[in-house]
Amino acid sequence: MAVGNVPFPELPPIKGVRLGTAMAGIKKPDRRDTVVIELPESATVAGVFTRNAFCAAPVSVAKAHIARCLSEGIAPRYWLINTGNANAGTGETGLQDAYASCAALASQLGVAESQVLPFSTGVIGEPLPMERLLAGLPTAVSSLADSSLAWQHAGEGILTTDTRAKGATVSVAIGQQQVTINGITKGSGMIKPNMATMLGFVVTDAAIEQTLLETLLRETVDRSFNCITVDSDTSTNDACMLAATGSGARIESDEQIAVFRNALQRVMTELAQAIIRDGEGATKFITLQVNDAATRQEALDVAFTVAHSPLVKTALYASDANWGRILAAVGRAPIDAFDVNRVVIDLDDVRLVESGGRAASYTEAAGSAVMAQDEITIRINLGRGAESATVWTSDLSHEYVTINADYRS
């Protein structure tokens with residue numbers, strides 16, 4: 001079940017970037033579950049990772065390898081991703097397995113072990129089936145290609161409970177050159193990122209120095225992947241990577257940075273929204289806009305409080321215009337006391353709440369008509385300031401429970 005029919009886009013080749021996949025049988029046979037992404041020596045690479053205290057072994061190793069590459073003045077050259085097993089909650093053995101997988105790929109490709117960054121997703125607490133993973137690496141390497149099909153296969157190779165691969169691409173003119181940004185992501189459940197998303201991999205052919213690349217990644221993630229939630233659970237394995245190959249236009253001036261940032265934001269937002277559209281059991285795509293807040297954090301706190309309310313989410317699934325659930329969620333948001341008489345809540349263009357209670361113009365028929373839609377916008381004006389925030393979420397259905405009850409079977 002997913003909201004809207006979103007086919008995988010045609011992602012154009014990016015010079016120096018190749019992608020390969022294998023069916024290693026890590027959890028299930030006959031499905032892509034091992035992905036290798038190759039980057040050129042000229043690339044700069046930045047990443048943001050989960051803040052979960054039980055971060056997975058590949059997260060620890062990827063961060064350590066990035067730091068080592070930066071200290072040695074070399075570039076990470078390969079991203080190694082497996083699905084079917086998170087290699088999280090696996091202690092010292094999990095760390096050694098993550099390092100060993102990097103060493104095996106590095107040996108095959110003639111690079112330093114630190115130039116391989118590992119990523120895993122799947123079941124937590126089970127040992128990584130190293131024999132199967134390592135056996136799949138030669139196939140993934142031999143299939144390395146730069147085609148749109150290679151991007152799509154890589155998108156398929158990182159999925160868990162997702163129903164479809166998710167990709168986005170944007171091209172924009174920087175001076176006399178076209179700059180391309182491609183990205184793939186995965187995520188469907190355990191989605192309430194606290195840095196990024198479940199897994200996201202974005203590459204551009206622009207030339208961007210390290211510090212700027214890190215800044216651009218943090219800025220665009222904060223307004224995309226950090227603004228989505230399916231179920232309020234932050235994963236142990238979340239990671240979002242951004243690489244700039246350096247083969248295209250150099251991004252330096254304020255004007256160039258602004259143009260590139262806008263293009264990158266489009267890619268990040270499209271990928272983040274694709275996760276919500278493919279949320280586990282999702283039947284509806286919900287936009288929560290909070291305006292007139294005292295601070296952006298206050299606006300986010302209100303939006304996430306509503307987005308995480310099981311009562312609101314189940315009412316959305318049932319197309320039940322029970323607007324009191326939205327009002328109650330706003331009222332318990334963790335912000336300083338506010339004047340409820342100044343709060344205005346709209347469901348699309350239908351006014352629900354004003355002056356402390358139900359709007360005089362509201363009718364049950366109008367509210368029910370909006371709730372029956374596949375895509376709904378809830379607007380909340382707090383009347384406290386000039387800051388705003390937008391969060392995207394899904395409804396909560398019977399299918400969500402079924403998926404997660406059967407996840408390990």
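Only a predicted model underlies this, so the values are computations on that prediction, with no experimental measurement involved.

Procedures and definitions
Residues numbered from 1 in each chain as written. Predicted model: local features only at pLDDT ≥ 70, side-chain atom pairs only at ≥ 80, totals over all residues. Heavy atoms only, no water. Phe/Tyr/Trp six-rings, centres within 6.5 Å; stacked < 30°, edge-to-face > 60°. Helix = DSSP H or I, 4+ residues; strand = E, 2+ residues; numbered from the N terminus. Buried < 20%, exposed > 50% of the residue type's maximum accessible area, 1.4 Å probe, protein only. Lys NZ or Arg CZ within 6 Å of the ring centre and 35° of its normal. Arc of directions from axis to C-beta. Contact = heavy atoms within 4.5 Å. Pairing = 2+ DSSP bridges. Axes fitted to C-alpha atoms, helices over the stretch in contact; angles between N-to-C directions. Parallel < 35°, antiparallel > 145°, perpendicular 65-115°, else oblique. Left-handed = near helix turned anticlockwise from the far one by under 90°. Nonpolar A, V, L, I, M, F, W, Y, C, P; charged D, E, K, R; others polar.

Attention shifts here to the packing of aromatic side chains. Considering all chains together, one arrives at 3 aromatic pairs under this definition. On the basis of an interplanar angle of 40° and a centroid distance of 5.5 Å, the ring pair of W79 and F201 is categorised as tilted. Of this pair, W79 sits in strand 4 (residues 78-85) while F201 is found in strand 8 (residues 199-204), placing the two residues 122 residues apart along the sequence. Like F201, W79 is buried. Measuring from centroid to centroid gives 6.4 Å for W323 and Y362, while their planes differ by 65°, and the two rings are edge-to-face. You can see W323 sitting in helix 9 (residues 323-331) and its partner Y362 sitting in the loop between strand 14 (357-358) and helix 10 (364-371), a full 39 residues away along the chain. Among the residues examined, Y362 registers a relative accessible area of 8% and is labelled buried. Among the aromatic side chains, those forming a connected cluster through ring pairs are W79, F119 and F201. Taking the ring centre of F285 as reference, the NZ or CZ of R277 above it sits at 4.0 Å.

On to helix 10, then. Buried within helix 10 are the following residues: G367, V370 and M371. For helix 10, the angular spread of buried residues about the axis comes to 100°, placing them on one side. Taken together, the buried residues of helix 10 touch helix 8 (310-318), strand 12 (344-347), strand 13 (350-354) and strand 15 (375-381).

Further remarks concern the sheet that holds strand 15. Strands pair in a sheet through their backbones, by hydrogen bonds, and they do so in one of two ways: parallel or antiparallel. Strand order across the open sheet formed by 7 strands is 9-16-11-15-12-13-14, with mixed pairing between neighbours. Two strands lie at the open edges of the sheet, namely strand 9 (228-229) and strand 14, each paired on one side alone. Here strand 12 pairs with strand 13 via 3 bridges, running antiparallel. Bridge pairing in strand 13 places L347 opposite V350.

The interhelical angle for the contact between helix 5 (residues 210-222) and helix 6 (residues 254-277), taken along N-to-C directions, is 45°, at an axis separation of 9 Å. The angle between helix 5 and helix 6 falls in the class oblique. The two elements helix 5 and helix 6 meet at a crossing, and its hand is right-handed. On helix 6, the residues that touch L212, L216, L217, E219, T220 and V221 of helix 5 are I257, F260, R261, L264, Q265 and M268. A class-by-class count of the residues in the contact of helix 5 with helix 6 yields 8 nonpolar, 2 polar and 2 charged.

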